[in-house]
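# Summary of structural features
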Amino acid sequence: LGRCEDAKQFQWACFEQSLNAGHLRAYLKRLPEFDDLEAEEQAIGYALKSPNVHQLLLFLIAWPALDRAEELVLTRSTELDGDYYQVLTPAADALEEKHLLASTILRRELIDFALIKGRLSRYRHAARHLQECENLAGLIDDFGSFETHEDYQSRLRSEHGRKSGFWGL
(Lines give C-alpha, C1' and ligand atoms only; values in the text may rest on other atoms or scores of the structure.)
Protein backbone atom coordinates (compact mmCIF):
# COMPACT_ATOMS: atom_id res chain seq x y z
CA LEU A 1 0.00 0.00 0.00
CA GLY A 2 3.05 2.25 0.02
CA ARG A 3 2.74 2.92 3.76
CA CYS A 4 6.35 2.06 4.56
CA GLU A 5 6.59 4.28 7.64
CA ASP A 6 3.43 2.74 9.10
CA ALA A 7 4.81 -0.74 8.42
CA LYS A 8 8.08 0.14 10.09
CA GLN A 9 6.30 1.51 13.17
CA PHE A 10 4.09 -1.57 13.32
CA GLN A 11 7.12 -3.90 13.18
CA TRP A 12 8.78 -1.98 16.02
CA ALA A 13 5.58 -2.14 18.08
CA CYS A 14 5.40 -5.89 17.47
CA PHE A 15 9.01 -6.26 18.59
CA GLU A 16 8.37 -4.21 21.74
CA GLN A 17 5.42 -6.41 22.63
CA SER A 18 6.94 -9.81 21.83
CA LEU A 19 10.74 -9.41 21.76
CA ASN A 20 10.55 -11.52 18.64
CA ALA A 21 13.81 -11.55 16.67
CA GLY A 22 11.92 -11.90 13.37
CA HIS A 23 10.03 -8.67 13.97
CA LEU A 24 13.28 -6.88 14.78
CA ARG A 25 14.96 -8.20 11.62
CA ALA A 26 12.00 -7.01 9.52
CA TYR A 27 12.16 -3.60 11.18
CA LEU A 28 15.92 -3.26 10.62
CA LYS A 29 15.57 -4.18 6.93
CA ARG A 30 13.41 -1.10 6.39
CA LEU A 31 16.03 1.29 7.77
CA PRO A 32 18.61 3.13 5.67
CA GLU A 33 22.14 1.71 5.67
CA PHE A 34 24.12 2.31 8.86
CA ASP A 35 20.98 3.33 10.78
CA ASP A 36 20.35 -0.33 11.43
CA LEU A 37 23.42 -0.72 13.67
CA GLU A 38 22.28 2.03 16.01
CA ALA A 39 18.71 0.72 15.93
CA GLU A 40 19.93 -2.78 16.75
CA GLU A 41 21.73 -1.51 19.85
CA GLN A 42 18.63 0.47 20.81
CA ALA A 43 16.49 -2.65 20.40
CA ILE A 44 18.83 -4.80 22.50
CA GLY A 45 18.89 -2.07 25.15
CA TYR A 46 15.09 -2.03 25.14
CA ALA A 47 14.95 -5.82 25.40
CA LEU A 48 17.38 -5.92 28.32
CA LYS A 49 14.88 -3.91 30.38
CA SER A 50 12.26 -6.63 30.04
CA PRO A 51 10.92 -7.97 33.32
CA ASN A 52 10.24 -11.33 31.64
CA VAL A 53 13.57 -13.15 31.91
CA HIS A 54 12.41 -16.11 29.81
CA GLN A 55 11.15 -13.97 26.93
CA LEU A 56 14.39 -11.98 27.05
CA LEU A 57 16.54 -15.13 27.09
CA LEU A 58 14.63 -16.51 24.11
CA PHE A 59 15.26 -13.27 22.19
CA LEU A 60 18.98 -13.14 23.05
CA ILE A 61 19.48 -16.74 21.92
CA ALA A 62 17.49 -16.23 18.70
CA TRP A 63 19.18 -12.95 17.78
CA PRO A 64 21.96 -14.25 18.66
CA ALA A 65 23.57 -12.19 21.40
CA LEU A 66 25.12 -15.02 23.39
CA ASP A 67 27.43 -12.83 25.51
CA ARG A 68 24.39 -10.90 26.71
CA ALA A 69 22.47 -14.15 27.24
CA GLU A 70 25.29 -15.38 29.45
CA GLU A 71 25.24 -12.14 31.44
CA LEU A 72 21.46 -12.44 31.82
CA VAL A 73 21.68 -15.99 33.15
CA LEU A 74 24.44 -15.14 35.61
CA THR A 75 22.84 -11.96 36.94
CA ARG A 76 19.17 -12.98 36.97
CA SER A 77 19.46 -16.70 37.73
CA THR A 78 17.06 -16.43 40.68
CA GLU A 79 14.29 -15.42 38.26
CA LEU A 80 14.66 -18.51 36.08
CA ASP A 81 11.97 -21.17 36.29
CA GLY A 82 12.90 -24.74 35.38
CA ASP A 83 9.36 -25.37 34.19
CA TYR A 84 10.23 -23.40 31.03
CA TYR A 85 12.17 -26.30 29.51
CA GLN A 86 11.18 -25.19 26.00
CA VAL A 87 13.27 -22.03 26.58
CA LEU A 88 15.98 -23.21 28.98
CA THR A 89 17.01 -26.39 27.13
CA PRO A 90 17.76 -24.74 23.75
CA ALA A 91 19.39 -21.81 25.56
CA ALA A 92 21.64 -24.19 27.51
CA ASP A 93 22.57 -25.94 24.26
CA ALA A 94 23.32 -22.63 22.51
CA LEU A 95 25.50 -21.41 25.39
CA GLU A 96 27.35 -24.69 25.90
CA GLU A 97 30.20 -24.05 23.48
CA LYS A 98 31.56 -20.76 24.87
CA HIS A 99 29.50 -19.94 27.98
CA LEU A 100 29.86 -23.06 30.07
CA LEU A 101 28.80 -21.68 33.44
CA ALA A 102 25.62 -20.12 32.05
CA SER A 103 24.79 -23.38 30.28
CA THR A 104 25.33 -25.24 33.55
CA ILE A 105 23.11 -22.83 35.52
CA LEU A 106 20.27 -23.32 33.04
CA ARG A 107 20.56 -27.10 33.26
CA ARG A 108 20.59 -26.94 37.06
CA GLU A 109 17.30 -25.02 36.94
CA LEU A 110 15.79 -27.82 34.88
CA ILE A 111 17.13 -30.47 37.27
CA ASP A 112 15.99 -28.63 40.38
CA PHE A 113 12.49 -28.13 39.02
CA ALA A 114 12.08 -31.80 38.14
CA LEU A 115 13.29 -32.96 41.55
CA ILE A 116 11.61 -30.36 43.74
CA LYS A 117 8.27 -30.78 41.99
CA GLY A 118 8.67 -34.56 41.74
CA ARG A 119 8.05 -34.59 37.99
CA LEU A 120 8.78 -38.24 37.27
CA SER A 121 8.29 -37.71 33.54
CA ARG A 122 11.23 -35.30 33.56
CA TYR A 123 13.65 -37.44 35.57
CA ARG A 124 15.27 -38.93 32.46
CA HIS A 125 15.94 -35.44 31.11
CA ALA A 126 17.14 -34.23 34.51
CA ALA A 127 19.60 -37.15 34.72
CA ARG A 128 20.90 -36.28 31.24
CA HIS A 129 21.25 -32.63 32.28
CA LEU A 130 23.19 -33.65 35.38
CA GLN A 131 25.55 -35.70 33.22
CA GLU A 132 26.00 -32.72 30.89
CA CYS A 133 26.77 -30.51 33.91
CA GLU A 134 29.38 -33.02 35.03
CA ASN A 135 30.94 -33.01 31.56
CA LEU A 136 31.18 -29.21 31.59
CA ALA A 137 32.37 -28.91 35.21
CA GLY A 138 35.98 -29.80 34.45
CA LEU A 139 36.13 -27.06 31.83
CA ILE A 140 34.83 -24.30 34.12
CA ASP A 141 37.68 -22.44 35.82
CA ASP A 142 35.61 -20.33 38.18
CA PHE A 143 32.07 -20.96 39.42
CA GLY A 144 31.99 -17.50 41.01
CA SER A 145 29.14 -17.27 43.48
CA PHE A 146 27.58 -20.49 42.20
CA GLU A 147 28.15 -23.94 43.71
CA THR A 148 30.86 -26.11 42.21
CA HIS A 149 29.57 -29.23 40.52
CA GLU A 150 30.69 -31.38 43.43
CA ASP A 151 28.85 -29.16 45.94
CA TYR A 152 25.76 -29.06 43.73
CA GLN A 153 25.66 -32.82 43.30
CA SER A 154 26.27 -33.33 47.02
CA ARG A 155 23.34 -31.03 47.83
CA LEU A 156 21.14 -32.91 45.36
CA ARG A 157 22.00 -36.21 47.06
CA SER A 158 21.29 -34.69 50.45
CA GLU A 159 17.94 -33.15 49.46
CA HIS A 160 16.73 -35.76 46.96
CA GLY A 161 18.67 -38.91 47.85
CA ARG A 162 15.50 -40.95 48.26
CA LYS A 163 14.32 -40.31 44.71
CA SER A 164 15.56 -43.61 43.37
CA GLY A 165 13.74 -43.11 40.08
CA PHE A 166 16.09 -40.22 39.35
CA TRP A 167 19.32 -41.67 40.75
CA GLY A 168 18.71 -44.97 38.97
CA LEU A 169 18.90 -43.12 35.68
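Up top is the structure these notes are about.
Throughout what follows, the structure given in this document is the object of discussion. (Residues numbered from 1 in each chain as written. Predicted model: local features only at pLDDT ≥ 70, side-chain atom pairs only at ≥ 80, totals over all residues. Heavy atoms only, no water.)

For the rest of this paragraph, the subject is the nonpolar core. The biggest cluster of nonpolar side chains holds 40 residues, and the ones touching the most others in it are Phe15, Leu24, Leu57, Phe59, Trp63, Val73 and Leu106. Looking at this core, the elements with two or more residues in it are helix 1 (4-18), helix 2 (21-29), helix 3 (35-48), helix 4 (53-62), helix 5 (66-75), helix 6 (85-95), helix 7 (100-116) and helix 8 (123-137). Dropping the residues within four chain positions of it, leucine 106 is found in contact with Leu57, Val73, Leu80, Leu88, Ala91, Ala92 and Leu95. Counting residues in each nonpolar core, the second largest holds 11 residues, with Ala114, Tyr123, Ala127 and Leu156 among its members. (Core = buried A, V, L, I, M, F, W, Y, C linked by side-chain atoms within 4.5 Å. Buried < 20%, exposed > 50% of the residue type's maximum accessible area, 1.4 Å probe, protein only. Helix = DSSP H or I, 4+ residues; strand = E, 2+ residues; numbered from the N terminus. Contact = heavy atoms within 4.5 Å.)

The next thing to look at is unusual backbone geometry. Trans is the prevailing form of peptide bonds, just as negative phi is the prevailing case for residues other than glycine. Here the amide bond leading from tryptophan 63 into proline 64 is cis, since omega sits at -10 degrees, within 30 degrees of zero. Along the chain, the position of proline 64 falls in the loop between helix 4 and helix 5. Backbone geometry places phenylalanine 34, a non-glycine residue, at a positive phi of 75 degrees. Positionally, phenylalanine 34 belongs in the loop between helix 2 and helix 3.

Quick look at the pattern of salt bridges now. Scanning the entire structure with this criterion turns up 12 salt bridges. We note a salt bridge from glutamate 41 to arginine 68, for which the minimum N-O separation is 3.2 Å. Taken as a pair, glutamate 41 in helix 3 and arginine 68 in helix 5 lie far apart in primary sequence, 27 residues in all. Several salt bridges share partner residues, and in doing so they unite Asp93, Glu96, Arg107, Arg128 and Glu132 into one network. (Salt bridge = Lys/Arg side-chain N within 4 Å of Asp/Glu carboxyl O.)

Next up on the list: the environment of arginine 155. Mapped onto the secondary structure, arginine 155 falls in helix 9 (residues 149-160). As a C-alpha pair, arginine 155 and valine 53 span 102 residues in sequence and 26 Å in three-dimensional space. In this structure arginine 155 touches Asp112 and Glu147, once residues within four positions along its chain are discounted.

The next subject is the side chain of histidine 149. Here histidine 149 is to be found in helix 9. In this structure histidine 149 touches Arg108, Leu130, Cys133, Glu134, Ala137 and Phe143, once residues within four positions along its chain are discounted.

Among the 10 residues that make up helix 4, 7 are buried, leaving the element largely enclosed by the rest of the structure. Of all the positions in helix 4, only Val53, His54, Leu56, Leu57, Phe59, Leu60 and Ile61 are classed as buried. Check the buried side of helix 4 and you find it contacts helix 1, helix 2, helix 3, helix 5, helix 6 and helix 7. Backbone nitrogen of histidine 54 and a side-chain oxygen of the N-cap are separated by 3.1 Å at the start of helix 4; the cap is asparagine 52. (Polar contact = N/O pair within 3.5 Å; in protein donor to acceptor, adjacent residues only side chain to side chain.)

Another aspect to go through is the layout of surface pockets. Counted as a void, the largest pocket has a volume near 170 Å³. Mapped by element, the contributors of at least two residues to the lining of the largest pocket are helix 6, helix 7 and helix 8. Here the element with the most residues in the lining of the largest pocket is helix 8; it accounts for 4 residues. Partitioned by chemical class, the residues of the lining of the largest pocket number 4 nonpolar, 4 polar and 2 charged. (1 Å grid on protein atoms, 1.4 Å probe; cavity = no way out; pocket = protein on both sides within 12 Å on 5 of 7 lines; lining within 4 Å. Points joined across faces, edges and corners; volume = space filled by probe spheres on them. Nonpolar A, V, L, I, M, F, W, Y, C, P; charged D, E, K, R; others polar.)

Under the counting rule described, the total for this entry stands at 8 aromatic pairs. Measuring from ring centre to ring centre gives 6.0 Å for tyrosine 123 and phenylalanine 166, while their planes differ by 80 degrees; the resulting arrangement is edge-to-face. With tyrosine 123 in helix 8 and phenylalanine 166 in helix 10 (residues 164-167), this pair connects stretches of sequence that are 43 residues apart. The exposure classification of tyrosine 123 matches that of phenylalanine 166, with both residues buried. (Phe/Tyr/Trp six-rings, centres within 6.5 Å; stacked < 30°, edge-to-face > 60°.)

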